[in-house]
Amino acid sequence: MTSKTFADLSLPSYLLEAVQKLGFENPTPIQEAAIPALLAKQDVVGIAQTGTGKTAAFGLPLLAHVDGEGVQALVLAPTRELALQSASAIGAFASAAKDTNVVAVYGGSPYGPQIGAIKAGAQVVVGTPGRVIDLIEKGALDLSGVRFFVLDEADEMLRMGFAEDVETIAGSVPDDSVTALFSATMPPAIKKVAQTHLNDPVEISIARQSTTVSTVHQTYAVVPFKFKNVALARVLSTMDSGATIVFVRTRLDAEEVANDMTARGFRTAAISGDVAQAERERIVERLRNGTLDVLVATDVAARGLDVERIELVVNFDVPRQDEAYVHRIGRTGRAGREGTALSFFTPRERGKLRQIEKLTGTKMEAVRVPSPQQVRTHKAHQILDKLPERIASKGLELYFGLIEELAEEQGMYIADIAAALLALAVGDTASSKEDIRSRSGHSPRIRREEFVDEDGEFLYAVFEEGRDSGKDKRGRSAKGRREGGSRRNGHAPMRGAKRYRVEVGRRDGVKPGSIVGAITGESDLRGKDLGRIEIFPSFSLVEIAGGISGTEAKRIGKAKVAGRALRIREDRGPKH
């Protein structure tokens, strides 16, 4: 760790006071290098991974440059979660500054409060490219007074198709503003942005993190996407104690997985960048005091989370950036305690497994997800372990009498009755069937498939959807279904839904998840409101429960996937 303190970085006294109140003592490498340069009004290009302290690296100098009224600082972020997280962090730093207000602007939320906050005098705007463009076009956001401009996770913004928006916004910022660009990688597209919009920047590169927590036992299992929920439920069912953090990629995923685990009987909550700070604190306190056992979180929302009870970290979705894996599993194995990390890899993600092992220098152990029998055995042992204490506490006469009466009337053995009672206690009934459900809640027909490692060693048997004929109800082969690109192939159309056409298709390289994310990101719709998605070469068809209004269609239509606007409209068939 650096020997420097924040007092050595020439920060204004009020910002230094705010930093000290927040408990920060020593700057991270990116902070130590970037803060003095940005305070000196030099442009900066920073190559650093998520979790290295970038927000403070640009947030503190940004606040030092704010003076007066009107929008003077703009931070662009790729997702609403990161925009909210950055706005919250900058707001905390600004607590010691008088009359400095920060507002987060992003799609999927009403314009009114965001526009109102800007009109009320917010000097710092943190937002996603699409919403910033919308506010500029509405005349609600004027960038002519911007003194400090930040592109955070620039490579992610370009990957998500915001290149044109980023260019438009960067071109609207005054040429003499201080500009900071942060990116995990430096592909040609990012170099071009830096060359076009930055003036003789200071280049800072922070070495990739290559070590991981020594007290964390790292494991993995191969699990097809559809059966991640049931695999997670089996893992949680065999936990003896402690708490679990489950990492997913998006806010929508966090809500869906948390709801499913709650429905299965686990004490679960979700946090993402959308969760208010007060609610986040309440959830974390529940995790600490033991009234919450499972927390489903996005990477951004889990930053800074330190709870000793966490004994297991589950990578439900493998992180897009290998380095994020290190930060995730670091949530357990803290303060010298032992912890376990379990990552779910789909069969297609084996290459990602090797990349992470190379980064961490540690080989993960392949494990089997518990079988239904193992889950029931575990639950039974938990009940049996409580028997000595219950027997010692007496007061069982009533139950003795009922069991003896039943045994006499029905001609049953006492041992049979005890075994049946234990089976019922763990939820094992003669008519019960294994709950194999996909992430969207459907119950597919199943077959067993085994996965082996490179040496032919058995790793894990899973249940996969399949039909003996290899065809679906419409007689289409698995290959035909894949080529159709449907999100709900083989299922009936969503009842009460309207079908809409969007102007992106297979030739744009889009996936159903990208369309879902774009639509829900610019509306109040949730993933469950969308039905079947069929992707064709130049367009796609989407089912939306109850349809959408003209205003919503206009807003959604501006969302971009693979750099193209959706331009959504109700589908009226080939003739139209």
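Residues numbered from 1 in each chain as written. Predicted model: local features only at pLDDT ≥ 70, side-chain atom pairs only at ≥ 80, totals over all residues. Heavy atoms only, no water.

An unreviewed UniProt entry lists the protein under the name RNA helicase, with Winkia neuii BV029A5 given as the organism.

Further remarks concern the overall build of the protein. Along its length, the protein carries 21 helices and 22 strands. Expressed as a percentage of its 576 residues, the buried residues of the protein come to 48%. Of the contacts formed within the protein by residues at least 6 apart in sequence, a portion of 73% connects residues at least 24 apart. Surface exposure of the protein reaches about 28,300 Å², of which carbon and sulfur atoms provide 50%. (Helix = DSSP H or I, 4+ residues; strand = E, 2+ residues; numbered from the N terminus. Buried < 20%, exposed > 50% of the residue type's maximum accessible area, 1.4 Å probe, protein only. Contact = heavy atoms within 4.5 Å. Areas by Shrake-Rupley, 256 points an atom, 1.4 Å probe, with all protein chains shown as cover.)

Right, let's get into the UniProt feature "domain: DEAD-box RNA helicase Q" (unreviewed entry) in the protein. Those places that UniProt annotates as "domain: DEAD-box RNA helicase Q" (unreviewed entry) correspond, in this numbering, to residues 4–32. What you have in residues 4–32 is 45% helix and 0% strand, and the ends, taken at the C-alpha atoms, are 8 Å apart. (UniProt positions renumbered as here; feature names shortened; annotations may be inferred.)

A separate point is the pairing of strand β2 (residues 73–76). The side-chain alternation of β2 yields two buried faces, one formed by Ala73 and Val75 and the other by Leu74 and Leu76. Strand direction decides the pairing type here: β2 and strand β4 (residues 124–127), joined by four bridges, are parallel. Note on β4: the bridge partner recorded for alanine 73 is valine 124. Relative to strand β5 (residues 148–151), β2 is paired through four bridges, and the arrangement is parallel. (Pairing = 2+ DSSP bridges.)

Attention now goes to helix α2 (residues 29–39). Along α2, the positions that sit buried rather than exposed are Ile30, Gln31, Ala34, Ile35, Ala37 and Leu38. Its buried side turned inward, α2 meets β1 (44–47), α3 (54–65), β5, β6 (178–183) and β7 (202–205). Of the residues flanking the end of α2, it is lysine 41, one or two places downstream, whose phi is positive at about 65°.

Hydrogen bonds along the backbone pair up the strands of a sheet, which may run parallel or antiparallel. The sheet built from four strands is open, its strands ordered β18-β19-β17-β22 with antiparallel pairing. With one partner strand each, in any of the chains shown, β18 (530–535) and β22 (569–570) form the two edges of the open sheet. Both β18 and strand β19 (residues 540–545) contribute to a ladder of four bridges, which runs antiparallel. Bridge pairing in β19 places isoleucine 535 opposite serine 540.

For the protein, the average pLDDT comes to 81, and 85% of its residues sit at 70 or higher. Low confidence marks residues 433–491, where pLDDT is under 50. Its contacts with residues over four positions away, or in another chain, come to 127 contacts. (pLDDT = per-residue confidence, 0-100.)

Glancing now at the pattern of salt bridges. Under the criterion given, the structure shown has 19 salt bridges. A salt bridge links aspartate 293 to arginine 309; the nearest nitrogen and oxygen atoms lie 3.0 Å apart. Of this pair, aspartate 293 sits in the loop between α12 (277–289) and β11 (294–297) while arginine 309 is found in the loop between β11 and β12 (310–315), placing the two residues 16 residues apart along the sequence. Under the relative-accessibility criterion, aspartate 293 is labelled partly exposed at 23%. Linked by salt bridges that have partners in common, Lys54, Asp152 and Glu153 make up one network. (Salt bridge = Lys/Arg side-chain N within 4 Å of Asp/Glu carboxyl O.)

Below, the discussion takes up the pairing of strand β17 (residues 497–502). Relative to β19, β17 is paired through six bridges, and the arrangement is antiparallel. Residue tyrosine 500 lies in a different strand from β19, and its bridge partner there is valine 542. Across two bridges, the pairing between β17 and β22 is antiparallel. Residue arginine 501 lies in a different strand from β22, and its bridge partner there is arginine 569.

The next subject is helix α1 (residues 13–21). Owing to its 3.6 residues per turn, the α-helix aligns residues three or four sequence positions apart on the same side. All of the buried residues along α1 are Leu15, Leu16, Ala18 and Val19. End-on view of α1: buried residues confined to an arc of 160°, all on one side of the axis. Exposed residues pointing more than 90 degrees away from the buried face of α1 are listed as Ser13, Gln20 and Lys21. At the C-terminal side of α1, glycine 23 shows a positive phi close to 90°. (Arc of directions from axis to C-beta.)

Counting residues in each nonpolar core, the largest one holds 42 residues, and the members touching the most others are Leu60 and Leu62. Setting aside anything within four residues of it in sequence, one finds leucine 60 in contact with Phe6, Leu11, Leu15, Val19, Ile35, Thr55 and Phe93. Among the nonpolar cores identified, the runner-up in size contains 33 residues, and Ile118, Leu135, Leu141 and Phe149 belong to it. (Core = buried A, V, L, I, M, F, W, Y, C linked by side-chain atoms within 4.5 Å.)

All right, on to the sheet that holds β12 then. Reading across from one edge, β10-β11-β9-β12-β13-β8-β14 is the order of the seven strands in this open sheet, with parallel pairing throughout. Where the open sheet ends on each side, the last strands, each with one partner, are β10 (268–271) and β14 (365–366). Where strand β9 (residues 243–247) meets β11, four bridges bridge the pair, whose relative direction is parallel. Note on β11: the bridge partner recorded for valine 246 is valine 296. Against the sheet, helix α10 (residues 228–237) contacts β9, β11, β12 and β13 (339–345), and its axis sits at roughly 160° relative to β13. (Axes fitted to C-alpha atoms, helices over the stretch in contact; angles between N-to-C directions.)

With that out of the way, let us pick up the environment of threonine 340. Relative to the assigned elements, threonine 340 resides in strand β13. Classification of threonine 340 by relative accessible area gives partly exposed; the value is 28%. Taking the C-alpha atoms as reference, threonine 340 lies 8.0 Å from isoleucine 329; in sequence the two are 11 residues apart. Residues within four places of threonine 340 in sequence aside, it is in contact with Val216, His217, Thr219, Glu311, Leu312, Val313 and Thr332.

Right, let's get into the side chain of threonine 244. Within the secondary structure layout, threonine 244 lies in strand β9. Among residues more than four places away in sequence, those in contact with threonine 244 are Leu236, Met239, Asp293, Val294, Leu295, Leu312 and Val314.

Before going further, it helps to spend a moment on the side chain of threonine 219. In this fold, threonine 219 is placed in strand β8 (residues 216–222). Here threonine 219 falls in the buried class, since its relative accessible area comes to 5%. Not counting the four nearest positions on each side in its chain, threonine 219 is found in contact with Thr340, Ala341, Leu342, Ser343, Met364, Glu365 and Val367.

Let us look at a nonpolar patch on the surface. A surface patch of nonpolar side chains, about 250 Å² in accessible area, is lined by Leu384, Leu387 and Ile391. The exposure class of leucine 384 is partly exposed, given its relative accessible area of 36%. (Patch = residues over 30% accessible without salt bridge, like charges linked within 9 Å, V, L, I, M, F, W, Y side chains within 5 Å.)

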